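Structural overview
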Amino acid sequence: MLNYIIRRSLQIPMVLFVLSLIIVGLMQLLTPQQRAAAFVKSDKQIEHLDQIIKKYHLDEGFLVQYELWAREVLRGNLGFSRISKEPVTTTIRKRLPASMELALSAFIPIVLVGVWLGTIAATHRDGILDQALRVVAIIGWSLPTFVMAIWLVAWVYGGLGWFGIGRLPNSMLIDLATGHFHRYTGMYTLDGLLNGRWDVFFQALKRLVLPATALVIVVSAGIMRVMRSSMLDELGKDYVRTARAKGLMQKAVIYKHAWRNALIPVITMAGPMLGRMIGGIVVIELIFNFPGLGEWAAKAALQLDMTTLLAFVMLIGLIMASANLLVDIAYVIVDPRIRYE
Amino acid sequence: MNPQDMKPKHEPWYRSKTFKRFRRNPLAITGTVMLIIFVVVAFLAPAITAPQLATIRSARPCVRNLGLKRGEVVQALRNPLKLTFWRAAIKPPKSCYNIPRAGYSPLPKPPSKEHPFGLTSGSYDILYGLTWGARTAFYIGFLVVGISLAIGIVIGGVSGFLGGWVDNLIMRVVDVMLAFPRLVFVMIVSVIFGSGLTQVMLALAVVGWVGYARFFRGDILKTKAQDFVDAARALGSSPTRIFFKHVVPNSIGTLLILASMDVGSIVLTAAGLSFLGLGAPVGYADWGQMISFARGYILGTAQGTPFDFWYVWIFPSVVLVLFGLAWNLLGDAVRDALDPKS
Amino acid sequence: MKRLIVLAFALALIGAALATPKDTYVFLQNSTFDSLDPVQAYDGASIGVVENVYETLYTFKKGTPGEYTPTLATSYEVTNNGLSYVYHLRKGVKFHSGNPMTCKDVKYSVQRNLVTMPGDSGAWIFGVLTGYGNDAMTEAKKALGDNASQADIDKFLDAYWKKIEDAVVCDDMYTVRFNLSHPDVAFFAKMLFTGAAVVDSKWAIAHGAWSGTEKDWKDWIGVDLRTGYLHNHASGTGPYKLVKWDGNTVIAEAFDGYWGGEPAIKKVLVQGVEEEATRLEALRRGDADRVDVSNWATINAKVKQMSGVKVWSDSSWSPASAHVVFFNFDVQGENNPYTGSGKLDGNGIPHDFFTDINVRKAFAYCIDQDAIFNDLFEGHGAWYTMALPTTWPGYDPTIPIRKLDLDKAEEYFKKAWGGKVWDKGFKLTITYNAGNTERQTVAEMIKANVESLNPKFKIDVVPLQWSDYLKAARAKSLPIWPLGWGADYADPDNFIHPFYHSEGSLAKRQSFKNPEFDKMIEYARTLVKPEQQQERYDIYKKIGRMAYDILPNVPYPLQAPFIVTRDNLKGVYYNSMISGDFYWKDISK
């Protein structure tokens, strides 16, 4: 087991290496002028285009560019982001908490809703409730994140005037910047509590509701489907039948034995779910004016800022690879039948 | 004994248990009906939008390329006995995919007689964008699935057939790509390929093959282990022959069905990219872009009036969601039918 | 009880928005900031902050772009036949750090432009001080070739430094003299550009910026100042000091030691919000005092429905920019995707297609200027007869404008290239910057009108992503494209030279060359004395009139400016040379 973990951990740098090669390689498909897009912002600077290309080595070949980047990265310098106009590491430090806050606030509802509805569907197999939930899940699965986000903005925010968009009201942002407000975590809800500022906590929470809801709707459908089928699997197994035959109350059987075992396949869903969530966050941050990592990366992609993109891809690669590793480990822990050599 | 006889017996597909299960599923039928409607709308797009083609000035290149005069457009495009009807429905000129603009005003206009679904921001005809957009959707969906399937089959096939370190290497790459959020990956690739419909489709395909490769490989390994393959090997057939004669035909059927169910999600992803400004050029009939046109108008004009410009965002987003829903209903039913356990 | 708590919680979440306090100004704009270093800042958003945190020697008078008032200087005189500008500095001015402002700071600030001269900044504007428009290394390579010896380069650099050294001289603690390499009538106007804003030299040097001496100047040649300390920290003399720049948001507060008295607005927040609907919603809810709005159609349909919101506009307001459609006189690039076959065979255009005046005139008559004015701007626009802001001296409003006239267009197309254009037809691509709906509309208009004349005329309209646009602009491969140009400094030369001189940055891209224009523009640059100004302006008018016939480009109307605020904001005015339209210190609630 330990062997396996070590081997898998060693694979992570390999994954990052491959990803960075892919990105730098793809950038080679462009001409130096195109690669200058992130460096030149206005028409007036076209006069100095050649000078800018030279300055940032945009006309160099693959190996030179990769070396320039890799050498800095090995020194711990991820480069300067043309999108946020500051070192990449600074931006990640500032923006990661925002995205984490969003992801965390959506995570628990996603799991709860998915598992709960999946269980209901399985226990009412082929009944009306099951069929209805099935349709709901398929609808949730068919809703593109951006459409969901637009509907929420229009109906709930625009129509009812509830909740909010952005991270905090502007007047509060000024207040916090000029007063004494310590940013412990970078997440406004937590910082609000830690500073004893209930108003900040509420305002921040208020602005998390809609984006988190959009995420929950889009992501939990998948969990629900998996939960339903694994629960059905479990309910069909001998030990459940035996338990039933023994006359134990049905509910107790379901929750105590089957339910726990049925959760195991849901854990494997964590990887794909995280992927879907990250994809969703990119779009949601754009629509809800929520300046996190996703918004930053989307802009970087649109403006061809290679340094930012590389950093983002590395970060996501790292998160995904570690998440998958954790899932595998968790799998062994909850299900002793599984062994990895 | 001939190894062919050991193969599982084939009965006509319509009598198979799988199909029966599919047919009895009400959701499957709903999905199928919805899809058929989409196909019909896409096919009849020229006929449906003939009045717009005839009246809006910026539709002229399309009308001219169809070889029509302005007065005869509606008649020609709505009469199945005429050659132009079939030409327009089967292979319309490229210029017809540009949504005609009834003016240049950035403000949307509500539905009217000339523009039954209204005009979206920039005075683009919404009905036109949606009907012709259905054609674009099918085009994107099938082509992307086709290309990624081809790549997936080749790579998955190589991986499953050769095995060993090649298999190992390919599967690691597949793992990396599967783990990475698809939307982000496609975004990066398509920006680098450049803007345009073809570029985005290529990007989707470049990222989309991985799942198929993995599935195909797994299926091959399963088939390889079956008795009839062993028998064939015992009779001295060469590995290549076995692979193409026995293994591939056995594995490919399910893959084809499953892959075709991805058309919906591909179209949704493409729409998302188009919404972000990646994809078809402005004014090209494409649902994602129709929603993107609506962006500035979803909040209406004042407090509590998100429906002041309802037509600009409700029509396109509902159409897009229904399309995805149709495919997913179908896909869900198919998966159910193939694997009765779940 | 439990239910009550839940209910209260829910209500708190739903609750009403907060309005901005009385001493606070919140501005949501459509773009984000590039750099707050005065030398590096060259975009509207960044300059909009810099102009309130730092100050230049003179500044613009409130509502009148053509007039100036002294700020950090008290007076100035021009000596030495226009080669020297002497400014007398105000005494008792303090920086945000508490340091007093002296000539040393002015000298440091202007020389920092000359030393660094980043290619993507506006530092080239001050090139007249050394005679070079690029940074020292680029100039060295230009002068000596790529494989010059180190010794030669060093010699060149030493000479360059000498020029920087001599360009700005402190006659005493409160008198600064600028020595120009050649007379420049626009120098005074150039000194109002934020690049020349006065930076606290003691503070800057202490934080690792250029030391102000020859010792380390070579390390700073062409450096990207976004990596420097001044990029996101500031110590100026302006009425506001920078509190924080965090992502899309800049927060500033009033500087209590400001020499001009404390402003009414104490706290300012400027935020880049790209989604217009979001900006408008914040305005409606009172969470913003001012927002950017893209066009008049939105104003009329949405903003005017809101209560508590005011739209400021005035017929006398005019933007400091010009928009034109360019023709390329020598389209370059092999396998050029924008010119079809590259021949006049009905499937393309030759590289010199637009050298025929008839072609240019025909295209000009196909631009529906009335539709731009009425449909796109809903009647709130300004007509342009030449590529110069309409209120600037040298602009001639009596020059006629070619409006949509398909008969005339047909007539000229028939004459073009000896009738070959009309017989064979042509195919070309009009490009515009993706996302710019105004340019897109102009391009589509030309397409629709030209194609309606003759079925053999084919035009594609293609949006270009910024990266592709850069590539094409550099390669000079675009045959015809709409483009806008905004002022760097308030002198007509900032428009006439780029648009009409063969070495001008825009005319160069279209390979336009007219020796007569060149001579007139160069001559006008030598007219530096006040009594010669009328003569200079008359030359510009003459160029405008000649340009009507020569037609290197077609100017088209621009949207009339407007400002959208909450209705409790007072003191709003519009000055086209101020990036934020007005200074924060002038408004109140």
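Quick caveat: nothing in here was measured; it's all calculated off a predicted structure. (Residues numbered from 1 in each chain as written. Chains lettered and ligands numbered in written order. Predicted model: local features only at pLDDT ≥ 70, side-chain atom pairs only at ≥ 80, totals over all residues. Heavy atoms only, no water.)

Turning our attention to the overall build of chain B. For chain B, the helix and strand inventory stands at 17 helices and 2 strands. Along the first, second and third principal axes, the C-alpha atoms of chain B reach 75 × 45 × 40 Å. Expressed as a percentage of contacts within chain B between residues at least 6 apart in sequence, the contacts between residues at least 24 apart total 69%. Carbon and sulfur atoms provide 65% of the accessible area of chain B, an area that totals close to 14,600 Å². Separation of charge centres in chain B, based on 34 positive and 16 negative side chains, amounts to 8 Å. (Helix = DSSP H or I, 4+ residues; strand = E, 2+ residues; numbered from the N terminus. Contact = heavy atoms within 4.5 Å. Areas by Shrake-Rupley, 256 points an atom, 1.4 Å probe, with all protein chains shown as cover. Lys, Arg positive; Asp, Glu negative; His and termini not counted. Charge placed at Lys NZ, Arg CZ, Asp CG, Glu CD.)

Secondary structure assignment for chain A yields 15 helices and 2 strands. Dimensions of chain A, computed from C-alpha atoms along their principal axes, come out at roughly 85 × 55 × 40 Å. Out of the 341 residues in chain A, the part that is buried amounts to 57%. Of all intrachain contacts in chain A linking residues separated by at least 6 positions in sequence, the fraction that spans at least 24 positions is 71%. By element, 67% of the accessible surface of chain A is carried by carbon and sulfur atoms, the whole surface being about 14,500 Å². (Buried < 20%, exposed > 50% of the residue type's maximum accessible area, 1.4 Å probe, protein only.)

Moving on: the domain arrangement of chain A. All names here are of chain A. Under the domain assignment used here, chain A contains domain 1 (89-167 + 207-334) and domain 2 (170-206). Taken together, the 10 residues of domain 1 in the interface contact 10 residues of domain 2. Carbon and sulfur atoms supply 52% of the area buried between domain 1 and domain 2, which totals about 840 Å² over both sides. When the buried area of domain 1 at its contact with domain 2 is split by residue, Glu 101, Arg 167 and Arg 207 rank highest and sum to 57% of it. Our count for the contact surface shared by domain 1 and domain 2 stands at 0 salt bridges. At the junction of domain 1 and domain 2, the tally comes to 10 residue pairs in polar contact (both at pLDDT 80 or more). (Domains from an automatic or database assignment. Buried area = accessible area lost by both parts, 1.4 Å probe. Salt bridge = Lys/Arg side-chain N within 4 Å of Asp/Glu carboxyl O. Polar contact = N/O pair within 3.5 Å; in protein donor to acceptor, adjacent residues only side chain to side chain.)

Turning our eyes to something else, we now look at the sheet that holds strand β6 (residues 168-172) of chain C. Residues and elements named next belong to chain C. Taken together, the 4 strands give an open sheet; going across it, the order is β4-β5-β7-β6, and neighbouring strands pair in antiparallel fashion. In this open sheet, the two edge strands, each paired with only one partner strand, are β4 (73-79) and β6. Sheet twist, expressed as the mean angle between neighbouring strand axes with direction ignored, is 20°. As paired strands, β4 and strand β5 (residues 84-89) are joined by 6 bridges and run antiparallel to one another. By the bridge assignment for β5, Val 78 is matched with Tyr 85. Contacting β5, β6 and β7 (175-179), helix α3 (residues 103-116) crosses the sheet at an angle of about 175° to β6. (Pairing = 2+ DSSP bridges. Axes fitted to C-alpha atoms, helices over the stretch in contact; angles between N-to-C directions.)

The subject of this paragraph is the pattern of salt bridges. Overall, the coordinates contain 46 salt bridges over all chains when judged by the stated rule. Across the pair Asp130(A) and Arg228(A) runs a salt bridge whose closest N-O atoms are separated by 2.9 Å. Here Asp130(A), found in helix α6 (residues 128-142), pairs with Arg228(A), found in helix α10 (residues 198-235); they are 98 residues apart in sequence, far enough to count as distant. Taking the relative accessible area as the measure of exposure, Arg228(A) reaches 6% and is therefore buried. Residues Lys414(C) and Glu410(C) are paired through a salt bridge, measuring 2.9 Å at the closest nitrogen-oxygen approach. Taken as a pair, Lys414(C) and Glu410(C) lie in helix α12 (residues 406-415) at a separation of 4 residues, close to a single helical turn. Taking the relative accessible area as the measure of exposure, Lys414(C) reaches 41% and is therefore partly exposed. Each member of the salt-bridge network shares a partner with another, and the members are Arg82(A), Lys85(A), Asp34(C), Asp120(C), Asp224(C) and Arg226(C).

With that settled, consider a nonpolar patch on the surface. A cluster of nonpolar residues, Tyr184(A), Leu190(A), Leu193(A), Leu194(A) and Trp198(A), forms a patch on the protein surface that exposes about 540 Å² of accessible area. The greatest single-element share of the nonpolar patch, amounting to 3 residues, is contributed by helix α9 (residues 188-194) of chain A. (Patch = residues over 30% accessible without salt bridge, like charges linked within 9 Å, V, L, I, M, F, W, Y side chains within 5 Å.)

It is worth spelling out the nonpolar core at this point. Membership of the largest hydrophobic core comes to 199 residues, with the highest contact counts inside it found for Phe146(A), Trp287(B) and Leu320(B). The greatest single-element share of this core, amounting to 16 residues, is contributed by helix α17 (residues 310-338) of chain B. Once residues lying within four places of it in the same chain are set aside, the contact partners of Trp287(B) are Phe38(B), Gly129(B), Leu130(B), Gly133(B), Ala134(B), Ala137(B), Val267(B), Val319(B), Leu320(B) and Phe323(B). The next biggest cluster of nonpolar side chains, apart from the first, holds 149 residues, and it includes Ala36(A), Leu114(C), Leu129(C) and Trp485(C). (Core = buried A, V, L, I, M, F, W, Y, C linked by side-chain atoms within 4.5 Å.)

Quite often, the size of an interface is put as the accessible area lost when its parts meet. Chain A puts 52 residues into the contact, and the matching count from chain B is 43 residues. Interface area for chain A against chain B, summed over the two sides, is near 4,000 Å², with a carbon-plus-sulfur share of 80%. Linking chain A to chain B there are 2 salt bridges. A salt bridge links Arg134(A) to Asp332(B); the shortest N-O distance between them is 2.8 Å. Linking chain A with chain B are 4 residue pairs in polar contact (both at pLDDT 80 or more). Of all the secondary-structure elements, those providing two or more residues to the side of chain A that touches chain B are α1 (2-27), α6, α7 (145-160), α10, α13 (270-287), α14 (293-303) and α15 (306-334) of chain A. Among the elements that line the side of chain A that touches chain B, the one with the most residues is α7(A), at 11 residues. A breakdown of the residues in the side of chain A that touches chain B according to their chemical character gives 37 nonpolar, 11 polar and 4 charged. (Nonpolar A, V, L, I, M, F, W, Y, C, P; charged D, E, K, R; others polar.)

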